[in-house]
Amino acid sequence: MSEKSTTSSLITTLTTALAPAIWGSTYIVTTQLLPPDRPFIAALLRTLPAGVLLLIFMGRLPPRAEWGRLAVLSALNIGFFQALLFIAAYRLPGGLAAVVGAIQPLLVMGLAWLLDRRPPARLAVGAAVLGVLGMAVLLLSPGAAWDAAGIAAALAGAACMAAGTYLTRRWRSELPVLALTGWQLLLGGLMLAPLAVLVDPPLPALGTMQVLGYVYLSLAGALLAYALWFRGIARLSPVAVSSLGLLSPLVAVVLGWALLGQAMSGLSLAGLVTVLASILAVQRASAQPR
């Protein structure tokens, strides 16, 4: 690989990593600024306005042949994933939900092996398993409650995100990245709308900080983050991209420690370092010629 290509790949990896880093910040925004107990409204206001803004800016319709695939990707990456994510978050401790979600890189490797006949590199498999173990050390508490429905939702959510990441790369769209992001956010937001209306209580009168919280979730947590994420999927290995998703709970933990004074033990720090080492190892394995 040439020096120019290596530099370009590194820049793409770093910009893609910004997406899960931003998603990690949404936890503190949601808990500290937004009205409580309205997860589907938060997901709707996060995705739908961002999708509308992107499509107004791009003004691009998908080719007729891509509508079916676009609907599937919107459901996997946005609609189903967001719904299952919030169900898991409400029924499980946050640490347990994150540990279950950490299996995404392994699921992407399995899909590539099953559908593309590409067996994963041993280094990538070992590093992905190490990431799950590191996440468990970082986030799991001894008294974590193993709710069966919550575990099922977390597993299904991880499977949706893994399949969405893999298929977004496999089904290369003719749309520019911003248009592809906008359509997925719009369609995914429309899928979330019935849940927001039927399940969540209505929003109260919002203060300035609450409005700013929703604006941040939409512009940074959806519009910018998903655009960077889908750009990364188009240029990097799906396995490499999925491993970057482990940065999201890491950022949430660091922000909780730095801004909210949440405790971090030596064992937690060891888990954090282990997850970071796992991410770097998966990136290295994915960059090697196969």
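Preceding block: the structure.
Residues numbered from 1 in each chain as written. Predicted model: local features only at pLDDT ≥ 70, side-chain atom pairs only at ≥ 80, totals over all residues. Heavy atoms only, no water.

A.B. asks: Mind showing me how you'd approach the layout of surface pockets here?
C.D. replies: Rolling a probe over the atoms, with the probe sized like a water molecule, indicates the empty space that remains. What the second largest pocket holds in volume is close to 830 Å³. Lining the second largest pocket are 32 residues; nearest its centre among them are Leu 236, Ser 237, Ala 240, Ser 286 and Ala 287. Within the residue set of the lining of the second largest pocket, elements represented by two or more residues are α1 (3-33), α5 (104-116), α7 (148-170), α10 (238-244) and α12 (266-287). Tallying contributions element by element places α1 first for the lining of the second largest pocket, with six residues. In terms of residue class, the lining of the second largest pocket is made up of 16 nonpolar, nine polar and seven charged. (1 Å grid on protein atoms, 1.4 Å probe; cavity = no way out; pocket = protein on both sides within 12 Å on 5 of 7 lines; lining within 4 Å. Points joined across faces, edges and corners; volume = space filled by probe spheres on them. Helix = DSSP H or I, 4+ residues; strand = E, 2+ residues; numbered from the N terminus. Nonpolar A, V, L, I, M, F, W, Y, C, P; charged D, E, K, R; others polar.)

A.B. asks: Before we go on, may I ask you to explain α12 in this structure?
C.D. replies: Every α-helix carries 3.6 residues per turn, so stepping three or four residues along brings you back to the same face. If you check α12, its first and last C-alpha atoms are 32 Å apart, about what 22 residues at 1.5 Å a residue would give, namely 32 Å. The complete set of buried residues in α12 reads Ser 268, Gly 271, Leu 272, Val 275, Ser 278, Ile 279, Ala 281, Val 282, Gln 283 and Ala 285. (Expected span 1.5 Å × (residues − 1). Buried < 20%, exposed > 50% of the residue type's maximum accessible area, 1.4 Å probe, protein only.)

A.B. asks: Explanation requested: the environment of Ala 159 in the structure shown.
C.D. replies: By the element assignment, Ala 159 lies in helix α7. With relative accessibility at 36%, the residue Ala 159 sits in the partly exposed group. It is 8.7 Å that separates the C-alpha atoms of Ala 159 and Ile 103, two residues lying 56 residues apart in sequence.

A.B. asks: I'm lost on the pattern of salt bridges in this one. Help?
C.D. replies: Oppositely charged side chains can pair when the atoms bearing their charge come close. Counted under the stated rule, the structure contains two salt bridges. With a closest N to O distance of 3.6 Å, Arg 118 and Asp 116 form a salt bridge. Classification of Arg 118 as partly exposed rests on a relative accessible area of 47%. When the shortest N-O distance is used, the salt bridge between Arg 170 and Asp 116 registers 2.3 Å. (Salt bridge = Lys/Arg side-chain N within 4 Å of Asp/Glu carboxyl O.)

A.B. asks: So what exactly am I meant to see when it comes to the nonpolar core here?
C.D. replies: Considering soluble globular proteins, one finds that nonpolar side chains tend to be buried as a cluster. By size, the foremost hydrophobic cluster in this structure holds 49 residues, and its most contacted members are Trp 23, Met 135, Leu 185, Tyr 226 and Trp 229. Ranked by size, the runner-up nonpolar core spans 14 residues in total, among them Val 29, Phe 86, Leu 192 and Ala 196. (Core = buried A, V, L, I, M, F, W, Y, C linked by side-chain atoms within 4.5 Å.)

A.B. asks: Honestly, the side chain of Ser 74 in this entry has me stumped. Any pointers?
C.D. replies: You can see Ser 74 is positioned in helix α3 (residues 67-91). Residue Ser 74 is classed as buried on the basis of its relative accessible area of 0%. Once residues within four sequence positions are removed from consideration, Ser 74 is found in contact with Gly 79, Trp 183, Gln 184, Leu 187, Gly 188 and Met 191. (Contact = heavy atoms within 4.5 Å.)

A.B. asks: Quick question: what am I supposed to make of the packing of aromatic side chains here?
C.D. replies: Any two aromatic rings considered together are summarised by their centre-to-centre distance and by the angle between their planes. This structure, assessed with the given rule, holds five aromatic pairs. Aromatic pair Trp 23 and Tyr 226: ring centres 5.0 Å apart, planes at 55°, arrangement tilted. Placement of Trp 23 in helix α1 and of Tyr 226 in helix α9 (residues 208-235) is noted, with a sequence separation of 203 residues between them. The class of Tyr 226 is buried, set by a relative accessible area of 2%. Members of the aromatic cluster, joined through ring pairs, are Trp 23, Tyr 226, Trp 229 and Phe 230. (Phe/Tyr/Trp six-rings, centres within 6.5 Å; stacked < 30°, edge-to-face > 60°.)

A.B. asks: Is there a simple way to explain helix α11 (residues 247-260) in this structure?
C.D. replies: Helix length check: α11 (14 residues) gives 19 Å between terminal C-alpha atoms against 20 Å at 1.5 Å per residue, within 8%. Buried within α11 are the following residues: Leu 247, Ser 248, Pro 249, Leu 250, Ala 252, Val 253 and Gly 256.

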